[in-house]
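Okay, here's what each chain looks like letter by letter:
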Amino acid sequence: MGFLDFLKPKKLNTVLPTYPTNSQIAIQHGIVTWQGANSQAYVLDGYQTNDIVYSIVKLITDKAKLAPFHVYKVVDEVSAKKYKALMSQPDKIENWKDVEKLHKKAFELYTGDARLNELLKYPNEEDTFGDFVEAWCAFKLITGNSFIYAKMIEGGNNTGKPYEMYVLPSQFMYVLADIQNFPPTISGYQLNYGPLWNFTKQEILQDKYFNPQWNTTGNQLYGQSPLMAAARNLTRSNEAKTAAVASFQNGGPAGVLFMNDERYDANQGLAQAQALKKAVSEKGGAANYNSIAVSGYKVDWKQIGLSPVELDIIESEKWDMKALCNIYGVPSQLLNDADNKTYNNQREGEKALTLRCAIPLLTGIRDNLNRKLHSDWGYRGTNIYVDFDPTVYGELEANKSEQVEWLDKAWWIAPKQKMDIMGLEIPDYIDETEMEKLYIPQSLQTPDDFQPLTIPE
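All figures in this text were calculated on a predicted structure; none of them were measured in a lab.

Procedures and definitions
Residues numbered from 1 in each chain as written. Predicted model: local features only at pLDDT ≥ 70, side-chain atom pairs only at ≥ 80, totals over all residues. Heavy atoms only, no water. Helix = DSSP H or I, 4+ residues; strand = E, 2+ residues; numbered from the N terminus. Contact = heavy atoms within 4.5 Å. Areas by Shrake-Rupley, 256 points an atom, 1.4 Å probe, with all protein chains shown as cover. Buried < 20%, exposed > 50% of the residue type's maximum accessible area, 1.4 Å probe, protein only. Arc of directions from axis to C-beta. Pairing = 2+ DSSP bridges. Axes fitted to C-alpha atoms, helices over the stretch in contact; angles between N-to-C directions. Parallel < 35°, antiparallel > 145°, perpendicular 65-115°, else oblique. Nonpolar A, V, L, I, M, F, W, Y, C, P; charged D, E, K, R; others polar. Left-handed = near helix turned anticlockwise from the far one by under 90°.

A tally of helices and strands in the chain yields 15 helices and 12 strands. Considering only intrachain contacts with a sequence separation of at least 6, the fraction spanning at least 24 residues in the chain is 67%. Counting every atom, the chain has about 26,900 Å² of accessible surface; 53% of that belongs to carbon and sulfur.

Rendered as structure tokens:
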């Protein structure tokens, strides 16, 4: 069963999901707004057709879905604000151990709401939360929008809280809004997939990218797809692949081999051409690689097709890959770009993917979930906070060998603090007071005790 099987039919509006006319704008409120671009094209011509876009999106979503989400209670508001400020720029964080400590100071795990904790494991009967995050991130990366539908508890102490969540297909979603007022007021959402499914504003969480395209039809209510900025690169990439396939599969003969011998008239030449065709065809196939076909007649060749190499398709695909990677912030070396020497090793590339792609998406999920929980989804006025755990990303940890080498020279740091920096526990057989002392190397001395070196005459 899919998410549509769980939807509760509702009375449909009379307006259809078409481009609104001036008369509609004048007499109606909550009309269907316009997305400004064909989002279905981004899905079909981008993710489903273009291998580069598919690989980029899958790299990001596979990374993002690794981080588990938990329910926390805020215990220190100041530390919580500092933590959220740091996580807004993850690529600027130098010590993730400090971030982990700040998170522990700001929040504590909360198990008092079993329904919410269960929702962050299995948001519905079909998906794990990792699957849910993957779909959420993929739709946002491809279309610029993610729409999350929450089914609400309708009775008891938990009235108004979600008990199931589904990611809706954003290419078929429309925003119902009153665009005659400023700013435009969203009144609901509509899914145009077979029948028209209507949703209230409270049931839908929309996560979107910034869109500067403001117009009278409400285009600004939708996020801009990254593929819109890369439209020309995407078109060139798809056309290059089409040309390559046509060249290999449907290109027909590469040229014409013909008799060019004045000793034969047309009738005689035709017979000789048939003999030449037979001699050349017998040299075809892998078994005759590098063999030579010999003719006793004068022949000529006229090329009528171009190979993918001559069309420069292979080289153009390299540039398309780099351009599309730049749009999404993905290190192209992770897509086997041999020319990319920006990162020293695979670990650095994975770290950049986590910091520049996965964590910003997860931060958006976290912030929007908390926004919706504390407004429309039954947790207003509570100190409940949903967050993801970035400690699952091992590439964010400091390089242990470099860390040990540096700490070995840092005599001004007590052994206990060094163990803490390394994330290690002090063994029971070591006296903790000894671990708090500073051990100064014998070769060091204070300026007061310094004796200048005297050179004998």
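There is more to say after this.
So, on to helix α2 (residues 39-47). Taken residue by residue, α2 has Ser39, Tyr42, Val43 and Gly46 as its buried positions. Down the axis of α2, the buried side of the element spans an arc of 105 degrees, and every buried residue falls inside it.

Strands sit in the order β3-β2-β12 across an open sheet of three strands; the sheet is antiparallel. The open sheet has two edge strands with one neighbour each: β3 (107-109) and β12 (384-388). Put simply, the sheet's adjacent strands are angled 45 degrees from each other on average, direction ignored. Seen against the sheet, helix α5 (residues 96-106) touches β2 (69-74), β3 and β12 and runs at an angle of roughly 75 degrees to β3.

Okay, the packing of helix α7 (residues 129-143) against helix α12 (residues 346-373) next. The contact between α7 and α12 brings their axes to 11 Å, and the two run at 105 degrees. The orientation of α7 with respect to α12, classified from their angle, is roughly perpendicular. For the pair formed by α7 and α12, the contact residues are Phe129, Val133, Trp136, Cys137, Lys140 and Leu141 on the first element and Leu361, Leu362, Ile365, Asn368 and Leu369 on the second. Split by residue class, the contact of α7 with α12 holds nine nonpolar, one polar and one charged.

With that settled, the discussion passes to the packing of helix α4 (residues 77-87) against α5. Running from amino to carboxyl end, α4 crosses α5 at an angle of 145 degrees, the nearest separation of the two axes being 8 Å. For α4 against α5, the interelement crossing comes out left-handed. Residues Ser79, Ala80, Lys82, Tyr83, Leu86 and Met87 of α4 touch α5, and the partners they reach there are Trp96, Val99, Leu102, His103, Lys105 and Ala106. Looking at the contact of α4 with α5 residue by residue, the classes come out as eight nonpolar, two polar and two charged.

Now for the sheet that holds strand β9 (residues 204-208). What links the strands of a sheet is backbone hydrogen bonding, and the strands pair in either a parallel or an antiparallel sense. What the three strands build is an open sheet, ordered β5-β4-β9; its pairing is antiparallel. With partners counted over all chains shown, the strands left at the sheet margins are β5 (162-168) and β9, one partner each. When the angles between neighbouring strand axes are averaged without regard to direction, this sheet yields 20 degrees. When strand β4 (residues 145-152) meets β9, the two strands line up antiparallel, connected through five bridges. Paired with Ser146 across the bridge in β9 is Asp207.

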